[in-house]
Each structure stands twice: as structure tokens, then as C-alpha cells.
Amino acid sequence: MLEQSFEALKTYDWGVDRHVLDPIDEAVVKTRNDAAARKELESQLLAVLQSNAPRDAKDFVCRQLRTMGTAASVPALEQLLANAELSHMARYALERIPEPQAGQALERQLAKLNGQLKIGVISSLGTRGQGVRLLRPLLRDSDEAVARAAAIALGRIASADANKALGSARPRPALAVVLADASMACAEKLLAAGHAKEAKATYQRLLKNNPPELVRLAAERGLKACPTA
Amino acid sequence: MDEKKLLPAPIKTTRREFIKAAGLASTVLALPTFIPASALGRDGAIAPSERIRVGGIGLGNQGGSDFGGFLGRAEVQYLAVCDVRKNVRDAKKAQVDERYKNKDCAAYNDFRELLARTDIDAVHVATPDHWHALIVTEACRHGKDVFCQKPETLTLREGPPMVEYARRYGRVVSGGSQRVLEDYRGTVDMCWSGKLGQVLAINVQTNNLSHACNLPPEPVPEGFDWEMWLGPAPWAPFNAKRCDGNFSTVENSWRSYWDYSGGEITDWGAHHFGGATFAVDVRELQPQEVIYHAPEGTQRAFLEFVYPNGIRITHCKPGKANLEVDSNESVTRAPKPVPGYKGKGGIIGDFLYCVRTREKPFRDIELAVNTMSLCHLGTIAYHLQRSLKWDAAKQTFPGDTEANRFTDRARRQPWQL
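Read on for a plain summary of the structure. Nothing here was measured: the structure is a model prediction, and the numbers come from that model.

## Examining the pairing of strand β10 (residues 312-315) of chain B
All names here are of chain B.
Reasoning step 1: Of the strand pairs in this sheet, strand β7 (residues 198-204) and β10 are connected by 4 bridges, and their pairing is parallel. Bridge assignment links Asn203 to a residue of β10, and that residue is Thr314.
Reasoning step 2: One ladder, built from 4 bridges, connects strand β9 (residues 302-306) with β10; its direction is antiparallel. Looking at β10, one finds that Glu304 is bridged to Thr314.
Reasoning step 3: Counting the residues between successive antiparallel strands, the hairpin from β9 to β10 contains 5 residues, one of them, Gly310, with a positive phi of roughly 95°.

The structure is reproduced here in C-alpha cells:
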């Protein structure tokens, strides 16, 4: 059954009965504790990903690799990050593969991509909680959408370094609210981690710059949450 | 380098504690410095300038029902409609214009344009589930109060930002299950009255999970912005059944498909689990464990959610009915007052009342997120066919890299949460 399913996958396209791939779905779950079987399964999936199979087939493979892909899948997925049709599905897998190689692949491709594909990679780095050093300069990117994405990602990472990066960003009126929002996300996380001083300084910094009304109210609320001592 | 490791330990304050410290978890949300004139009602007729100014995003099916619920309210001034289907938004605009006898209602394809308006106080959202978290957080960032249809989240990871944004910006954010209070009131009253003694467990019944969609391509209808409908979901060709908003979860609506919905366990689960958690009074908690039971023979698997206080919620336990309660009647329990809607007019009235008073609504987003997390934990346990441990404070499956992969999904560019 599994063999037939892989055969069907080679030409799988929208409109084909989705149940032809059920054996692969089942194999992914059943091989959880069988490293050799998992390795073989991953290898078969990667063969399809690197073939001329239809987009839908590769979409299916990326979904499986999200669930069970390892560092072995990273090179093939990394290659797809620059592919407009498959970049998202490559991230769909890479974002959830816990091995560091997945994050390194995203970092490597960040400088090589532009526009929407770059924004996608920025988003995935934010989700994985890494890449502050690379995201920081993007706050000055001439593409406002890229700069905005970097700010959101840094707010998602919300580490002390991310907070510093946001705090040192050049004022940019169109991004004022997003930058402030990301800074407040950092402040909340820092406060929750016991770094009240840094959180307080962040809110005070935001309030100093005559922020928009909504930001001012939010920052005042955050400041109130910081211990007074 | 993993920047998270740069954060010095130890963690002294949880996010929940931060919210409490900020005074944000009290029953009254922080007041804005100004109360919009539109939110100050008076006796008798309400002048348009004093009504709550509302916009609607996602207006088909359930969104259409919510639209009617808001438009019909005297304290609402409906200003704008948004839908990616031109025929839907044109029809809704016409209804608004007809009500007010003018042509003033604005119609948008892109929700960001509606949210950018500074003259709108509140929005109701009834898009497919894959859009909810993005729109709710963006609405909060623009200072809007939000009524968001259930299921409020599509993944576990979407819940905390929705709560954080609501609290950060002092917004009233209500989930949209009217059934939690209205359908299960009898069970809730029995539990809260003390008549059942010590409540031990409650069962929930729902049917199928969502699944993959592989429908064939069809031409995109004129006036249908398919790219915007898909938004953060994986790209797929248009098919009318893929995006139909009817309430079925079997193959002919977006509610059937994994990319847009959890299927019945989240779609009806939002109601049933919402009612169950209300009845056994664990709305403010998330489970710490999900036990996967796989009986021998042909009986289907079922789940048992274990709460930190020992309460158990089962899903599809054989021989149990929906919202059937197990209790120890020999233990005496004092009655507790049952919380309900504030204001008049059901869950929408509750939301509008809270927009005026800045109180927390009945289905405050944090309670809604807790219910949805229960549904998502169940979905993951069924997918993996095994039991799971859940750390609600850290929003993670401790030491379980396989399950942790399921807490979220990458969003299609340029959408970012």
C-alpha cells in the first residue's frame, strides 16, 4: 500500500482523490519509534521533493516534513525558499523542524531574498526566536514592508537583544506604531522574566517620544505594571 | 545563535502574573483617556453621534447573522463592511444604506483599510478561522474593540497574542459562542447550584476532525479576491466547496479542511467545550494532560483532559452523552452565583454593553482562548494517536519535540503574527 501511495504521489495534483496518500499519512504516525523506517520514509519524500512532481505533490511532502522532517531534509527545503510557488511550504516545514540546521538555512537565505519571500523568511525566523543580528539592520531597509516585518519578528522574539535593536531603530513615521508595538511585546516578556528595569526603561523611552495616543495609553499601562522599587 | 538563551534566568513572573500586576486581569478593563461620544448612550432615542460606530469583516453565513445582530441595534451606527466577495459586500452595504436611508456605508475588500479608519470604535469578525488571530490583533493595534466569531483560533500559538493585544491596548475582545451560556444553562445551573455535589467530570461529543483538501481547480468567480480569501493559508486553487461557509464539516465547506478549520472538534467544540468548561468551572484554566484512550476492538478512540484541579473533561467517551456530568453527590458544595451576559440582547448585547462600560465580556478572549486550546490539544492527540502533557504557562509540550511541531503553522507571506 505504501509503495502504491508513493507511486501516486509522483503525479499527485489537485483533483486527485486525496485518500490515495492516506498510507503515507499513516506511516508517518506509525514509524514514530522506528528510526530506520522514519529515515527511509523521509528519504522517499525528499526524492519527490527534488523531482519534477507537480506543485501539489511537493505541497504534500512539505506538510509531512513539518511533522517528521530532520536535518536531512533541510538542504532540499532550503533550495525551495527562493521558489515563489513553494517558498511558503518550504517554510511550513522548516519553521517546525527543531534542529538548528533549519534555522541556519533560513538565516542563510535571508540576505539572498527580496520582497515577499524575504518577508516570509523574516516571519519564520521570528517564530523560531532567532536571527536578531540579521533582523536588526532590516529595520532600516528601503522596502518598508521588509522593515515592518523585521520589527514584528523582533517583537515576537522579544529578547533583551531584540528590545535593544528596536530601541536603536531610526524613527520612521510610517512604522512608528509597529515599532512601538514590538517594543511593548519585548517589555512584557522582559517584565515576565524578572527584568523590570529594562521593561520600565522601554516604556519610558516610548513615552518620551510623543507617541500616538494608542501607544501612549498602552505604554502607560505597561509602566504601571512595572514594580515601583 | 538562539537569542532566547541570552535571557538571564530565573523566570520570576509569568505572563499571567504580568497581566494581573498591570491591573488588566480585573473585571474592568483599563479606561481609555477619552470615551468616544458614540459610546455614551442616553435615555430614549440614541443620536447617531452617540452610537457605537461599527464595521464588519467577513459577512457571509455566520458573518451575515452577526451583521444583522449589530445592524439592528439602536446603539450601533454601522459605518463599513468588508468582504473579499464583491457581491457579498455590495449586498451588505445596500442593507446598511437602506437602514439609514443614505449612501454612507463604506465597502472594503481589504480589512486593513477598514481598521485604519479612526472613526470606527468596534468591529465584528466572522471570516474563516485562519484569519481570526491576524485580524483581531491588528484590530487591537488600531484601537478597536472586537467581537470575533468562534472558533477564535486555528492553532495553539495564536491564542496568547490575541489575549496580549487585547490587554496591551485595553480592548474589549469577545469571542462569539452564544451557545456556551444559552444552550447549556441547565447543566451549568445544576453544577453551580451545588445540587450535584462535587463535580468530577463532564463529557463532550463532537464528530470529525478536519482533513486535507484536494478539490480540483475551478475558475475564480468575478469579484472574488481569492488571494485575500486564502491569506495566510497555503496556496491552493479556487474551488467553491473549499471556501463555502456553510455549517457542514463534511467535504463541502471550509469548515471541513485543515488549512482553514479544525473541523467539528473546534467548530462545535468551541460551543460544547465552552459549555463544559463553564459548567465545571475551569474556564480560566487549560488542561495539563490529555490522555488518549484507544479501546480494543472497533470502538473509536476517546480523550480525557485532566485539569490542574483534578477536574476531567472527556471527549467522546463511550456510553456518555454530550455534557453528561459525573459527580459525587455525597459531598456538599455551596451554591455559587452563575455569571451571565451584561446588558440586553444576548452575546452581542453583552459585547456592546462592555464596549460602553469597559468591562470584560462574558466570553472574554482569554476564556475563549482557553476553550480553543482544549480543542487544539485534542486535535493534536488524535493526530498523534497518543497522550500528551501540556505546560499552559509556557504554552509548550514539555520535552515533546514531535507534539511541539503542531503548536503552530507557518503563515503564507506576507502575513505575520
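The structure having been displayed, the exposition proceeds.
## Looking at the state of the cysteines
Residues and elements named next belong to chain B.
Reasoning step 1: All chains considered together, the criterion is met by 0 disulfides over all chains.
Reasoning step 2: This cysteine, Cys82, is not joined by any disulfide, and Cys105 carries the nearest cysteine sulfur, 11 Å off.
Reasoning step 3: Cysteine Cys191 is unpaired, with the sulfur of Cys375 as its nearest cysteine sulfur at 18 Å.

## A closer look at the sheet that holds strand β5 (residues 145-148) of chain B
Residue and element names in this part refer to chain B.
Reasoning step 1: Reading across the sheet, the 6 strands line up as β3-β2-β1-β4-β5-β6 and stay open at both edges, with parallel pairing between neighbours. Whereas interior strands pair on both sides, the edge strands pair on one side only; in this sheet they are β3 (106-108) and β6 (173-174).
Reasoning step 2: By the bridge criterion, 6 bridges tie strand β1 (residues 52-57) to strand β2 (residues 76-82) in an arrangement that is parallel. Within β2, the position partnered with Gly55 by the bridge is Ala80.

## Regarding the pattern of salt bridges
Reasoning step 1: All told, the structure shown has 43 salt bridges over all chains when counted by the stated rule.
Reasoning step 2: One salt bridge in this structure joins Arg63(A) and Asp259(B), with 2.8 Å as the shortest N-O distance. One end of the pair, Arg63(A), is in helix α4 (residues 55-68); the other, Asp259(B), is in the loop between α10 (240-243) and α11 (264-267), on a second chain. The same class applies to Arg63(A) as to Asp259(B), namely buried.

## Considerations on unusual backbone geometry
Residues and elements named next belong to chain B.
Reasoning step 1: The omega torsion across Lys150 and Pro151 is -10°, close enough to zero to call that bond cis.
Reasoning step 2: Relative to the elements of secondary structure, Pro151 occurs in the loop between β5 and α6 (159-168).
Reasoning step 3: Across the junction of Gln413 and Pro414, the peptide omega takes the value 10°, indicating a cis bond.
Reasoning step 4: By secondary structure assignment, the location of Pro414 is in the segment after α15 (401-404).
Reasoning step 5: The phi torsion at Asn61 lies on the positive side, around 40°, for a residue other than glycine.
Reasoning step 6: Taking relative accessible area as the criterion, Asn61 reaches 39% and is therefore assigned partly exposed.
Reasoning step 7: Even without a glycine there, the phi angle at Gln395 is positive, about 55°.
Reasoning step 8: Within the secondary structure layout, Gln395 lies in the loop between β12 (388-389) and α15.

## Concerning the environment of Ala403(B)
Residues and elements named next belong to chain B.
Reasoning step 1: Relative to the assigned elements, Ala403 resides in helix α15.
Reasoning step 2: Counting along the chain gives 263 residues from Ala403 to Cys140, while the straight-line C-alpha distance between them is 30 Å.
Reasoning step 3: Discounting chain neighbours no more than four positions away, the residues touching Ala403 are Leu384, Arg386, Leu388 and Phe397.

## Some words on the interface of chain A and chain B
For an interface, size is often stated in terms of accessible area lost upon the parts coming together.
Reasoning step 1: Contact with chain A, which involves 71 residues of that partner, is made by 67 residues of chain B.
Reasoning step 2: Across the chain A/chain B interface, buried area totals approximately 5500 Å², and carbon plus sulfur atoms make up 50% of it.
Reasoning step 3: The interface formed by chain A and chain B holds 8 salt bridges in total.
Reasoning step 4: Arg168(B) serves as the salt-bridge partner of Asp181(A), at 2.9 Å between the closest nitrogen and oxygen.
Reasoning step 5: Looking at which element gives the most residues to the side of chain A that touches chain B, the answer is helix α12 (residues 176-192) of chain A, with 9 residues.
Reasoning step 6: Split by residue class, the side of chain A that touches chain B holds 31 nonpolar, 15 polar and 25 charged.

## Things to note about the sheet that holds strand β11 (residues 325-328) of chain B
Residues and elements named next belong to chain B.
Reasoning step 1: Pairing is mixed across the open sheet formed by 6 strands, whose spatial order is β11-β7-β10-β9-β8-β12. Strands with a single pairing partner mark the edges of an open sheet, and in this sheet they are β11 and β12.
Reasoning step 2: Relative to β9, strand β8 (residues 289-293) runs antiparallel, the two being bridged by 5 bridges. Each bridged residue has a counterpart across the sheet, and for Glu289 the counterpart in β9 is Val306.
Reasoning step 3: Helix-sheet contacts for helix α12 (residues 269-279) involve β7, β9 and β10, and the interaxial angle to β7 is about 175°.

Criteria and cut-off values
- Residues numbered from 1 in each chain as written.
- Chains lettered and ligands numbered in written order.
- Predicted model: local features only at pLDDT ≥ 70, side-chain atom pairs only at ≥ 80, totals over all residues.
- Heavy atoms only, no water.
- Pairing = 2+ DSSP bridges.
- Helix = DSSP H or I, 4+ residues; strand = E, 2+ residues; numbered from the N terminus.
- Disulfide = S-S within 2.5 Å.
- Salt bridge = Lys/Arg side-chain N within 4 Å of Asp/Glu carboxyl O.
- Buried < 20%, exposed > 50% of the residue type's maximum accessible area, 1.4 Å probe, protein only.
- Contact = heavy atoms within 4.5 Å.
- Buried area = accessible area lost by both parts, 1.4 Å probe.
- Nonpolar A, V, L, I, M, F, W, Y, C, P; charged D, E, K, R; others polar.
- Axes fitted to C-alpha atoms, helices over the stretch in contact; angles between N-to-C directions.

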